[in-house]
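Okay, here's what each chain looks like letter by letter:
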Amino acid sequence: MSSPPLVRPLTVIRPRGARTLVGWAELWAYRDLVYFLTWRDIKVRYKQTALGAAWAVLQPVLTMVVFSIFFGRLAGVPSEGVPYPVFAYTALVPWTFFANAVTQASNSLVAQEAMLTKVYFPRLIVPLAAVLAGLVDVSIAFVVLVGLMLAYGTVPTVAILALPLLVVFAAITALAVGLWLSALNVRYRDVRYTLPFIVQLWLFASPVAYPSSLVPEAWRPLYGVNPMVGVVDGFRWALLGGTESPGSAFLVSVAAVVALLVGGLAYFRRMERSFADAV
Amino acid sequence: MPSSGGSVALRVNGLGKRYELGERESYVALRDVISRAVKRPLVRSRRRRAVGDSVFWALRDVSFEVPHGEALAIVGRNGAGKSTLLKILTRITEPTEGEAVVAGRVGALLEVGTGFHPELTGRENVTLNGAILGMRRQEIQAKFDEIVDFAGVERFVDTPVKRYSSGMRARLAFAVAAFLETDILVVDEVLAVGDAEFQKKCMGKMGDAADGGRTVLFVSHNMTAVESLCKRAVWLDGGRVVADGPTPDVVGRYLSTSFSALSERSWPELESAPGNDAVRVRRAAVRPEYGSPSDPIDVRTPVALEFEYWNLRPNALLNLSVHIYNAQGVLVFNALPYLEKVWQGRPFPRGLYRDTCHIPGDLLNDGTYRVELMVVEGSRAIYKQDEILVFEVRDDPHSRDGWFGSWEGAVRPQLSWETEQLVDENVTVGLHVD
Ligand SMILES: Nc1ncnc2c1ncn2[C@@H]1O[C@H](COP(=O)(O)OP(=O)(O)O)[C@@H](O)[C@H]1O
């Protein structure tokens, strides 16, 4: 084999080695791992479920159908001048992504126990890959959305240009929540059992089945503390136009995500040291 | 910033790792933590300190240096802290105190197969496993054929790994790690993997690494492998360095002291000796037939097991029954004194007795053995002690002809063989032999 490299970087291993929030250099050095883990998650998911890629479409579509019948038709929930199915589906695309990504990310560390206890790599990559893998579902779900909009004759405005940014925003939101839950899940083993319940509550606390305009004006900023309010409103604004541009609630959501993310990174960083001992 | 020290590959300074007892075992529920905090917010801090009392150091005050290109063995019995040390050096876990300075990239051959996913093909898993170990994509691609060839799975690269035999899976995983170009290679007990031929390849690969100027840290229970690969050894016990020096010295001391703890035991006081109202054990020992309990035993040594016990009831019809288990928990044999000539079948008056059981040489394989003692009256066990003795049978390096893999089988008898030539081709040329 070839001779060892001439430059040998020194690594100092000591207690509480990590002091920065994110080890960017290290993350960059392991960028291939981010790619391969994401790709593995996608591949395995589509290989394992019988429906494969169809599941990515069926989940939001079936939810949309149920919502349209019960909320749109029977309960007569308003949909801001857009046909209710389009209105609901536009929100279900980011919502389904968020719910799945958070669930996958939360379980990611515990599921990768064998890797965590035997090899070192930046732990952040594990929940990150889980979130990134979910983005493939989003792109599949978008195809259906385009069909739906064509069928109902909904025309987007120039606001659609903001869509990529909003997808990034949704992914960061999922990552921020996923960081907290994945680290908590290692320490506290009951987190995973409460997760489906949390996700369900979160769905109704977000403007998916109903427009956020149902919430009284005065309460909107508080409502925006739930970052999915900003994400869903943003998606509706970008794709369906018409509605006024996202207001104060959106800004509150952005602030909430930043706080969640920084806190999540710090908590993850702190817990990271004991992952291998605890899983 | 510590200096690189020129040719030092690894410098470990006062390294320690503390575990909180019960941290792993107990089920921590978030629900409990929250309800406790809500009910009694002030109690929390006090409880934390109570936990701090039950800490234990898996590693403490460990210091050593490894020059570049040296192969260092780390020996010690189970629970000594060897894996903990390797995990700190490979950054899987953080130390609690002290520091280690590592020059260059560290690669680990810890337990292999990590990160393999059964649904993915061999090719996909090689790529993924390489990335987990920190290899760049081009690096994996460049070595792909060599890796697959080394593992001997060429025909199955595009088959999902779930269809592989466990041996194939382990070989492939080892191969990925073995081709990782690192300055420091950490190896934990790989010889447990694969068949004899593959083990030979692995030993060769590690030998190459050491010869090629890479630093190797090697943990193994196989002292023959340790002695052939490493010139220097560090002996850990109870998380501390007990000895550090030339391998033969350290290994010799390690083997002779580490197992003496259970190679002779005695209980001089009758009341507190293990047993019951019928019998009490006074002493148990395992020794070479012509030596004392602290002498080493190798595969060729005849061994004597001695048990001294009090019979507390008049005219008891006693038999000892000895079970010998190997490290895998396999019952190797059960010995009973039926061939004993003096006391067999006679009632035992009250008193102190000694039974000696003779195990011939060239019977036990190398490894650790656990002795279980049972006292039987008629067909009923009246007393049993699970782990009355533990002893180690060393390998005999001279009997192996340069091969270091594990010698398979529960026993290792020297059997007589004959080879006869039935047809001499030189004479029978022209004859037709199908
Ligand atoms: N995550 C953990 N939590 C608590 N104790 C641990 C943990 N890992 C190892 N230990 C303990 O640390 C000690 C040293 O273990 P280890 O390093 O595995 O020893 P070795 O490799 O020499 O057999 C053992 O007593 C073991 O039980």
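Chain B appears in an unreviewed UniProt entry as Lipopolysaccharide transport system ATP-binding protein from Geodermatophilus amargosae. In its Sequence similarities (unreviewed entry) section, the UniProt entry covering chain B states "Belongs to the ABC transporter superfamily."

As annotated in an unreviewed UniProt entry, chain A is Transport permease protein from Geodermatophilus amargosae. Checking UniProt for chain A, the heading Sequence similarities (unreviewed entry) contains the comment "Belongs to the ABC-2 integral membrane protein family."

### Overview of the overall build of chain A
When its secondary structure is counted, chain A shows 11 helices and 1 strand. Along chain A, helices and strands appear, N-terminal first, in the series β-α-α-α-α-α-α-α-α-α-α-α. The C-alpha atoms of chain A give a radius of gyration of 21 Å, which matches the 19 Å a tight globule of 279 residues would have. Overall size of chain A, expressed as C-alpha extent along the three principal axes, is 70 × 40 × 40 Å. Taking all 279 residues of chain A together, the buried fraction comes to 52%. When contacts within chain A are restricted to residue pairs at least 6 apart in sequence, those whose partners lie at least 24 apart make up 82%. Surface accessibility of chain A: about 12,600 Å² in total, with carbon and sulfur atoms responsible for 70%.

### Digging into the sheet that holds strand β14 (residues 318-326) of chain B
The strand order across the open sheet formed by 5 strands is β12-β18-β17-β14-β15 (chain B), and the pairing between neighbours is mixed. Bordering the open sheet on either side are β12 (297-298) and β15 (331-335) of chain B, each of which pairs with just one other strand.

### Here we look at helix α7 (residues 163-187) of chain A
Given a rise of 1.5 Å per residue, 25 residues ought to cover 36 Å, and the 36 Å separating the end C-alpha atoms of α7(A) matches this to within 8%. Across the 25 residues that make up α7(A), a large majority, 19, are buried.

### Side note on the pattern of salt bridges
Residues and elements named next belong to chain B. Under the counting rule described, the total for this entry stands at 30 salt bridges over all chains. Between R283 and E306 there is a salt bridge, with its nearest N and O atoms 2.9 Å apart. With R283 in strand β11 (residues 279-288) and E306 in strand β13 (residues 303-311), the pair connects residues that are 23 residues apart, well separated along the chain. Among the ionic pairs, E306 bridges to R287, the shortest N-O distance being 2.8 Å. Residue E306 is located in strand β13, and its partner R287 is located in strand β11; the two are separated by 19 residues in the primary sequence. For the pair E306 and R287, one class covers both residues: buried. Through salt bridges with shared partners, a single network forms among E264, R282, R283, R287, E306, E308 and R354.

### A few points about the packing of aromatic side chains
Evaluated as defined, the whole model comprises 17 aromatic pairs over all chains. The interplanar angle of 65° and the centroid separation of 5.2 Å between the aromatic rings of A:Y35 and A:F36 together place this pair among those described as edge-to-face. Note on A:F36: relative accessible area 6%, which makes it buried. Summarising the aromatic geometry, the rings of B:Y369 and B:F391 are spaced 5.6 Å apart at their centres and angled 25° between planes, so their arrangement reads as stacked. On the criterion of sequence distance, the pair formed by B:Y369 in strand β17 (residues 367-377) and B:F391 in strand β18 (residues 380-394) is long-range, its members being 22 residues apart. Since its relative accessible area comes to 2%, B:Y369 is described here as buried. The ring of B:W343 has B:R346 sitting right over it, with the charged end atom 4.5 Å from the ring centre.

The rules behind the values
- Residues numbered from 1 in each chain as written.
- Chains lettered and ligands numbered in written order.
- Predicted model: local features only at pLDDT ≥ 70, side-chain atom pairs only at ≥ 80, totals over all residues.
- Heavy atoms only, no water.
- UniProt positions renumbered as here; feature names shortened; annotations may be inferred.
- Helix = DSSP H or I, 4+ residues; strand = E, 2+ residues; numbered from the N terminus.
- Rg over C-alpha atoms; globule rule 2.2 N^0.38 Å.
- Buried < 20%, exposed > 50% of the residue type's maximum accessible area, 1.4 Å probe, protein only.
- Contact = heavy atoms within 4.5 Å.
- Areas by Shrake-Rupley, 256 points an atom, 1.4 Å probe, with all protein chains shown as cover.
- Pairing = 2+ DSSP bridges.
- Expected span 1.5 Å × (residues − 1).
- Salt bridge = Lys/Arg side-chain N within 4 Å of Asp/Glu carboxyl O.
- Phe/Tyr/Trp six-rings, centres within 6.5 Å; stacked < 30°, edge-to-face > 60°.
- Lys NZ or Arg CZ within 6 Å of the ring centre and 35° of its normal.

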